[in-house]
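# A closer look at the structure
Chain by chain, the residues:
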Amino acid sequence: MLTSCDDLFQYNPNEETLLDKDKNLTARNIEKISRLPVSDTTRFILMGDSQRWYDECEEFVRSANQQKDISFVLHAGDISDFGLTQEFKWVNEIMTRLKYPYVTVIGNHDIVANGSATYRKMFGPLNYSFGFGHDRFIFINTNSREYAFDGSVPDISWLKAQLADNPDKRNTIVVGHVPPFDADFDKNLEKPYTDALASDPTVKFTLYGHQHRFYEGQFYDDGVNYHLTTSMGARGYMVISTWKGGYNVERVEF
Amino acid sequence: MKKYLLPLLLFITFHSLAQEVGLRHRRSWYLPDHLKLQFAGNIGFLSGGPGYVSRNQTLETDLLFGFLPQKYGGDALVTTTLKTTYSPWRIGLKNDYYIRPFLIGAYLSYTFGPQFDTKWPSYYPAGYYWWATSFRPGAYLGGKAGRNVVMNNRRRSLEVYYELGTYDLLIISYVQNKSFLKLHDIVSLSLGVKLGFN
């Protein structure tokens, strides 16, 4: 009822009106994650592409809440379909019913219209990183097509600086929406990007969404495994376990 | 020049008076039949503009210019809207009051800004995104109440209306997610006033 009163009057589909509880979610959820107990193995969920699949996303939450020993959930992007603030709010409403905190990476649909401005206000920076246990997570905007392939996205120099900043040699897990072999990824940046990952020995695997299918492989024969999770519409997600020097990926359908 | 001025002024005054004697179809066809001012409804925080009404008073078409200040919208947005409203039934009340208990209408809005596209740029494959972000079609139901008055010897009407509306992208979201989304999630309220000139 609170939400319906909040939205009784609407001024424009592209308005960016947010209540305080819907702001700065990335920093707030990282703060929650930082207070979680750390063990030898970290288990987390990768899901994505919730765009206009709210009913399925609710079913995902019910399924995810039954998993054991999960610390947090990663949303691989395309939170919204039309880049509307209203859609971001609906998905957040569903995702806050998870027993775990969740963090996101921006997808191409989240950049449409005023989407990226809303994403900044609601979640936070488009590129960011945090550490937990033996792992370090780097979230990077890889939606090159939304920037007309102008060479700025993904930000390779930012990525290299993040990879270099790892004094404890923790496992590095890079998370993006568009995988580098996709047509929506800047062809001129594909090699610099994949080389940056391959030249860092702490990068064993990297995570994406976007193609609405489970897909995995060592596509560049460079020791880095690429894993794609499917969409909410296809009713699937991944449970990932990591430990010092190893990891495991499990596909779940709901 | 001076000796022509007075007769000219008299003529203009007389001419315009003659036009006003209770005969609404003598108004020039291009002069708007009414002005509206609307609050909310996804076409601005406030929007206003001229409109025309059919001879039997059931069909109104308006051109509204809307503005959403950054303070209320997070982003300052300018929108123009063409809307058409059909209200078939009029119930007369005492003292020149009346209600039109039911109205139904549709609109097409255009929001200005470089972040909104009508035709997607060439770096997208055809059909990559199927909707335009600048144009937004919507529809609404509502009702209104009004009163006929005489102001400065001229017939005028004042109306207040409400509309419950939604738009294409929300309707699609609702149809595909009837478990999570309720009708009130996609419907919002707008309120307005109309000053009629006949």
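Structure first, text after, so check above.
Presented here is an overview of the structure given in this document. (Residues numbered from 1 in each chain as written. Chains lettered and ligands numbered in written order. Predicted model: local features only at pLDDT ≥ 70, side-chain atom pairs only at ≥ 80, totals over all residues. Heavy atoms only, no water.)

### Thoughts on helix H7 (residues 187-198) of chain A
The periodicity of an α-helix, 3.6 residues per turn, causes residues three or four places apart in sequence to face the same way. All names here are of chain A. Taking 1.5 Å of rise per residue, the twelve residues of H7 would be expected to cover 16 Å, and the 17 Å separating its terminal C-alpha atoms lies within 8% of that figure. Residues of H7 that are buried make contact with helix H6 (156-164), strand S6 (171-175), strand S7 (203-208) and strand S9 (225-228). In this structure Asp 186 caps H7, since a side-chain oxygen of it lies 3.0 Å from the backbone nitrogen of Asn 188. (Helix = DSSP H or I, 4+ residues; strand = E, 2+ residues; numbered from the N terminus. Expected span 1.5 Å × (residues − 1). Contact = heavy atoms within 4.5 Å. Polar contact = N/O pair within 3.5 Å; in protein donor to acceptor, adjacent residues only side chain to side chain.)

### Concerning the layout of surface pockets
Quantified by volume, the largest pocket comes out at close to 340 Å³. Along its surface, the largest pocket is lined by 22 residues, and Lys 21, Asp 22, Asn 92, Glu 93 and Thr 96 of chain A are the ones closest to its centre. Counting residues per element, the ones that place at least two in the lining of the largest pocket are helix H1 (2-6), helix H2 (25-34) and helix H4 (85-95) of chain A. Of all the elements, H4 of chain A adds the most residues to the lining of the largest pocket, at six residues. Residue composition of the lining of the largest pocket, by class: eight nonpolar, five polar and nine charged. If you add up the space inside the second largest pocket, you get close to 260 Å³. Lining the second largest pocket are 20 residues, and of these Gln 57, Tyr 98, Asn 148, Ser 157 and Asn 198 of chain B sit closest to its centre. Elements with a minimum of two residues in the lining of the second largest pocket: strand S6 (97-111), strand S7 (135-151), strand S8 (154-167) and strand S9 (188-196) of chain B. A per-element tally of the lining of the second largest pocket places S8 of chain B first, with four residues. Broken down by class, the residue content of the lining of the second largest pocket amounts to five nonpolar, six polar and nine charged. (1 Å grid on protein atoms, 1.4 Å probe; cavity = no way out; pocket = protein on both sides within 12 Å on 5 of 7 lines; lining within 4 Å. Points joined across faces, edges and corners; volume = space filled by probe spheres on them. Nonpolar A, V, L, I, M, F, W, Y, C, P; charged D, E, K, R; others polar.)

### Details of a nonpolar patch on the surface
A surface patch of nonpolar side chains, amounting to about 550 Å² of accessible area, comprises Leu 59, Tyr 86, Trp 89, Phe 102, Ile 104 and Leu 141 of chain B. Note on placement: Leu 141 of chain B falls in strand S7. (Patch = residues over 30% accessible without salt bridge, like charges linked within 9 Å, V, L, I, M, F, W, Y side chains within 5 Å. Areas by Shrake-Rupley, 256 points an atom, 1.4 Å probe, with all protein chains shown as cover. Salt bridge = Lys/Arg side-chain N within 4 Å of Asp/Glu carboxyl O.)

### A few points about the sheet that holds strand S3 (residues 102-104) of chain A
All names here are of chain A. Taken in spatial order, the five strands line up as S3-S2-S1-S10-S11 in an open sheet, and their pairing is mixed. A single partner strand is all that each edge strand has here, and the edge strands are S3 and strand S11 (246-253). Between one strand axis and the next, the sheet turns through 25 degrees on average, direction left out of account. Pairing analysis gives five bridges linking strand S1 (residues 42-47) to strand S10 (residues 236-243), with the strands arranged antiparallel. (Pairing = 2+ DSSP bridges. Axes fitted to C-alpha atoms, helices over the stretch in contact; angles between N-to-C directions.)

### Comments concerning unusual backbone geometry
All names here are of chain A. For the bond running from Val 153 to Pro 154, omega is 0 degrees, close enough to zero to count as cis. Structurally, Pro 154 can be placed in the loop between strand S5 (135-139) and H6. Here the phi dihedral of Asn 24 falls at roughly 60 degrees; this positive angle occurs in a residue that is not glycine. On the secondary structure map, Asn 24 appears in the loop between H1 and H2. Among the residues examined, Asn 24 registers a relative accessible area of 41% and is labelled partly exposed. One non-glycine residue with positive phi stands out, namely Ala 113, at about 55 degrees. Mapped onto the elements of the fold, Ala 113 is located in the loop between S3 and helix H5 (115-122). (Buried < 20%, exposed > 50% of the residue type's maximum accessible area, 1.4 Å probe, protein only.)

### So, the environment of Gly 92 of chain B
Residues and elements named next belong to chain B. Take Gly 92: it is sitting in strand S5 (residues 91-92). C-alpha separation for the pair Gly 92 and Arg 136, spaced 44 residues apart in sequence, amounts to 35 Å. If near-sequence neighbours (up to four positions away) are discounted, Gly 92 is found in contact with Tyr 97 and Tyr 98.

### Section: the packing of helix H3 (residues 54-64) of chain A against H4 of chain A
Residue and element names in this part refer to chain A. Where H3 meets H4, the closest approach of the two axes is 9 Å, and the angle between their N-to-C directions is 25 degrees. Here H3 lies roughly parallel to H4, going by the angle between them. Handedness of the H3/H4 crossing: right-handed. Residue-level contacts link Tyr 54, Cys 57, Glu 58, Phe 60 and Val 61 of H3 to Glu 87, Trp 90, Val 91, Ile 94 and Met 95 of H4. Considered class by class, the residues forming the contact of H3 with H4 number eight nonpolar, no polar and two charged. (Parallel < 35°, antiparallel > 145°, perpendicular 65-115°, else oblique. Left-handed = near helix turned anticlockwise from the far one by under 90°.)

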